[in-house]
Amino acid sequence: QVQLVESGGGLVQAGGSLTLSCAASGRTFGSYFMAWFRQAPGKEREFVAAWNAAGTYYTDSVKGRFTISRDNAKNTVYLQMNSLKPEDTAVYYCALDTRRGTDYRNRDTYDYWGQGTQVTVSS
């Protein structure tokens, strides 16, 4: 059984930084997509960033500020978040695709999800 466990969320002032981690157990990543999504109160869960063997992908609002990376030896994916803004406040979820999907921005591509970690950015 695959489990994804996020950590690293918290409260930070605008302009600050946080690093989220997502540790996977139950299988290795392989070359599949690993991604971060986020969900703010009253909004739909939205794509933030994704990683696969071909590269990294970001939504426009976080380009240049967020970096997704993976440590295959630790089966862990990270999201380094710099220059945080109040609009980045949300619950952040990591997600794993084991079915070799291609639409990395689509929530339905991913078949495993973590429980989420809260990120709050104060102004």
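Notes on the structure in this doc start here. (Residues numbered from 1 in each chain as written. Predicted model: local features only at pLDDT ≥ 70, side-chain atom pairs only at ≥ 80, totals over all residues. Heavy atoms only, no water.)

**Focus: the overall build of the chain**
And step 1. When helices and strands are tallied, the chain shows zero helices and 11 strands.
And step 2. In the chain, the order of α-helices and β-strands from amino to carboxyl end is β-β-β-β-β-β-β-β-β-β-β.
And step 3. Since a compact globule built from 123 residues should have a radius of gyration of about 14 Å, the 13 Å found for the chain is in line with a globular shape.
And step 4. Its C-alpha atoms give the chain principal-axis dimensions of about 40 × 25 × 25 Å.
And step 5. Residue burial in the chain is summarised as follows: out of 123 residues, 45% are buried. (Helix = DSSP H or I, 4+ residues; strand = E, 2+ residues; numbered from the N terminus. Rg over C-alpha atoms; globule rule 2.2 N^0.38 Å. Buried < 20%, exposed > 50% of the residue type's maximum accessible area, 1.4 Å probe, protein only.)

**Re the pairing of strand β4 (residues 34-39)**
Looking down a regular strand, the side chains alternate between one sheet face and the other.
And step 1. When you tally the buried positions in β4, you get five out of six residues, the bulk of the element.
And step 2. When β4 meets strand β5 (residues 46-52), the two strands line up antiparallel, connected through five bridges. Bridge pairing in β5 places W36 opposite A49.
And step 3. In this antiparallel pair of consecutive strands, β4 and β5, the connection spans six residues, and G42 shows a positive phi of 75°. (Pairing = 2+ DSSP bridges.)

**Focus: unusual backbone geometry**
And step 1. The residue N75 is not glycine, and still its phi comes out positive at about 50°.
And step 2. On the secondary structure map, N75 appears in the loop between β7 (66-71) and β8 (76-81).
And step 3. For N75, a relative accessible area of 12% corresponds to the buried category.
And step 4. For S83, which is not a glycine, the phi torsion comes out positive at approximately 50°.
And step 5. Given the relative accessible area of 40%, S83 is considered partly exposed.

**Comments concerning the pattern of salt bridges**
And step 1. In this structure the tally under the stated criterion is six salt bridges.
And step 2. One salt bridge connects D88 with R38, and the closest N-O pair in it is separated by 3.0 Å. Within this pair, whereas D88 is found in the loop between β8 and β9 (90-96), its partner R38 is found in strand β4, the two being separated by 50 residues in sequence. Accessibility classification places D88 together with R38 in one group, the buried group.
And step 3. It is possible to trace a salt-bridge network through shared partners that takes in R38, E46, R65 and D88. (Salt bridge = Lys/Arg side-chain N within 4 Å of Asp/Glu carboxyl O.)

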